[in-house]
Amino acid sequence: MMAQSKKLEVRHEQIDAASEGQRIDNYLVRILKGVPKSHVYRLLRSGQVRVNGRRASQTYRLQLEDVVRIPPVQVSTASEHRVVPVGYALPVVYEDDALLVLDKPAGQAVHGGSGVSYGVIEQLRKQRPEARMLELAHRLDRETSGLLIVAKKRSALSALHELMRNGGIEKHYITVVSGRWMNPRQHIRTPLYKYLTADGERRVRAQADGKEAHSIVSLRRRWQTMSELGVELKTGRTHQIRVHLTHQGFPLVGDDKYGDFALNKRLAKEAGLTRMFLHAARLQFAHPITGEVVRVEAPLPPELQAFLTRLDNNEVRDVGEAV
């Protein structure tokens, strides 16, 4: 249900350093909370949004002191009245003036949407009302724990996105899969195709005409029925690790979308593993402002470490210590 905003009148916004360099479509989506993206693009196509008195395409990147004319719009009542709790302080493992890196808990979405009223980024903004800008530099699945980069400056966000496009951010994950993985190191380059199920749920499958996807898998430890793997992502496709490994015949334990559901149910009952075993453990990249190397790590959460300990106590390990 759409309801009128309190003041249906033309707005003129001057662009400051926090918004400099952002595409105008993304800028409008950010400041027009509750307005569907389709409506934002209609406003741009029809010329109702103007920059310095002129029409602007959706790909235009805003410049410092640009003046953006925003016509009267309607916003979602639900969005206006959505309450985001402050909650507990999110664990920060690195921070400076340009960015911060969080250790995201499993089960928490990185942003609101798709049935989730709020996520990590909304909660972080609530906890830091003085921050001029907090924007996700990338994403993690809701079920995945670990390292997540948040930009505090527009210039840092643009530089981080450029690094990701060029493979300049090393992203290392730890997972446990069902089955005995034998190769010490293996490249997986299976293309991935994203689609929606009949229920409107997002899914991914291996498909020849999908988008290029590249994962490098390293064996860390192996037991009689399971293997602990390290995965380096060279591309960042949706559900990439989960689909790549399942396609190889090694589903992630605890994965409720692509995994072995009978095994998951048994592990929840017998081992107390009620989440997917996937953790973003290490990031390394050149700082987007200074160029200095940033390397951050996040230890396995207690519930995942406890599961590994249980494997060691109940199964014979036939390959050495984790590397």
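A. Up close: the packing of aromatic side chains. Across all of its chains, the model carries three aromatic pairs by this definition. Arranged with centres 5.0 Å apart and planes meeting at 65°, the rings of W181 and F250 form a pair that is edge-to-face. Of the two residues, W181 is situated in the loop between β11 (169–178) and β12 (185–188) and F250 in the loop between α6 (240–247) and α7 (261–270); the sequence distance between them amounts to 69 residues. You'll find W181 and F250 in the same group, each marked buried. Centroid distance Y193 to Y195: 6.4 Å. Interplanar angle 10°. Geometry classified as stacked. The class for Y195 is partly exposed, based on a relative accessible area of 26%. Residue placement shows R203 over the ring face of Y258; its charged tip is 6.0 Å from the ring centre. The ring of Y195 carries the charged tip of R205 above its face, separated from the ring centre by 4.3 Å.

B. Structural view of the pattern of salt bridges. Applying the stated criterion across every chain, the model contains 24 salt bridges. With a shortest N-O distance of 2.6 Å, R165 and E162 are connected by a salt bridge. Of this pair, R165 and E162 both sit in helix α5 (residues 154–165), three residues apart, roughly one helical turn. The class for R165 is exposed, based on a relative accessible area of 56%. You can call E162 partly exposed: its relative accessible area is 36%.

What counts and what doesn't
Residues numbered from 1 in each chain as written. Predicted model: local features only at pLDDT ≥ 70, side-chain atom pairs only at ≥ 80, totals over all residues. Heavy atoms only, no water. Phe/Tyr/Trp six-rings, centres within 6.5 Å; stacked < 30°, edge-to-face > 60°. Helix = DSSP H or I, 4+ residues; strand = E, 2+ residues; numbered from the N terminus. Buried < 20%, exposed > 50% of the residue type's maximum accessible area, 1.4 Å probe, protein only. Lys NZ or Arg CZ within 6 Å of the ring centre and 35° of its normal. Salt bridge = Lys/Arg side-chain N within 4 Å of Asp/Glu carboxyl O.

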